[in-house]
Amino acid sequence: MSDRGIFTVSFESSLDPIEINRMHSWTLFLTRDGAPVEGAELIVAGGMPEHDHGMPTRPRVTAELGAGRYLLEGMRFHMNGYWEVTIEIESGPTRDRIIIQLNL
Ligand SMILES: [Cu+2]
């Protein structure tokens, strides 16, 4: 659930489980009030807050797959530990943010 409670985001990784130092992609699924959201702008950044560093790559949404699904490429985590992946969401006039927490 996003910070303001407007959107939900779930993800599916092309690598499951996620392996350290392997480039992979995610498919993000964006909904609002239970319905898929199309045409949104998603800006993704990640990092390890406890280590004060970001990701070694700059992941980007490269394709909209329809039905609220978005292809996120360039995912790579280079350390084990606690990561946060932050997704800034812009859909029409509505903005919100969601943080996905990962223990790798
Ligand atoms: Cu680290």
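Preceding block: the structure.
Quantities reported herein were computed from a predicted structural model and do not represent experimental measurements.

### Let's talk about unusual backbone geometry
Of note, the amide linkage connecting Asp 16 to Pro 17 takes the cis form, showing an omega dihedral of 5°. Relative to the elements of secondary structure, Pro 17 occurs in the loop between β1 (7-13) and β2 (24-32). The backbone phi angle of Asp 33 is positive, close to 50°, even though this residue is not glycine. Structurally, Asp 33 can be placed in the loop between β2 and β3 (35-36). Of note in the backbone geometry, Asp 52 takes a positive phi value of approximately 60° without being a glycine.

### Details of the layout of surface pockets
Approximately 220 Å³ is the volume attributed to the largest pocket. Every residue lining the largest pocket is listed: Ala 40, Glu 41, Leu 42, Ile 43, Val 44, Ala 45, Arg 58, Pro 59, Arg 60 and Val 61. If you list the elements that add at least two residues to the lining of the largest pocket, you get β4 (41-48) and β6 (60-66). Top element by residues in the lining of the largest pocket is β4. It accounts for 5 residues. Of the residues contributing to the lining of the largest pocket, the split by class is 7 nonpolar, no polar and 3 charged.

### Structural notes on the coordination of the copper ion
Protein coordination of the copper ion is provided by Met 48 (SD), His 51 (ND1), His 53 (NE2) and Met 79 (SD), with donor distances spanning 2.0 to 2.4 Å. Around the copper ion, the 4 donor atoms are arranged such that angles at the metal cover 96 to 125°; this shape is classified as tetrahedral. Sequence positions of the residues that donate to the copper ion give the spacing M-x2-H-x1-H-x25-M. According to the relative accessible area criterion, His 53 is partly exposed, its value standing at 24%.

About the criteria used
- Residue numbers restart at each chain and count upward from 1, following the sequence in its written direction.
- Predicted model: local features are reported for residues with pLDDT of at least 70 only, side-chain atom pairs are reported and counted for 80 or more only, and whole-chain, interface and lining totals are derived from all residues.
- Only hydrogens and water are removed before side-chain values are computed, so all heavy atoms of the structure are retained for them.
- A run of H or I in DSSP becomes a helix once it reaches four residues, and a run of E becomes a strand once it reaches two; helices and strands are each numbered from the N terminus.
- The distinction between a cavity and a pocket rests on a 1 Å grid over the protein atoms alone: a 1.4 Å probe fits inside a cavity but cannot get out, while a pocket stays open yet meets protein on both sides within 12 Å along at least five of seven lines, and a residue with an atom within 4 Å of a point counts as lining.
- Grid points are joined across faces, edges and corners, and a volume is the space filled by probe spheres set on the points.
- Residues are grouped as follows: Ala, Val, Leu, Ile, Met, Phe, Trp, Tyr, Cys and Pro are nonpolar; Asp, Glu, Lys and Arg are charged; every other residue, Gly included, is polar.
- Coordination shells were defined by N, O and S atoms within 2.8 Å of each metal, extended to 3.2 Å for Na, K and Ca; water is absent from the atom set, which can make sites look incomplete.
- Geometry assignment treats four donors as tetrahedral when all angles are between 85 and 135 degrees, treats four as square planar and six as octahedral when opposite donors are over 155 degrees apart and all others between 65 and 115, and treats everything else as irregular.
- Only protein chains enter the accessibility calculation, which uses a 1.4 Å probe. A residue is then buried if its area is under 20% of the maximum for its type, exposed if over 50%, and partly exposed in between.

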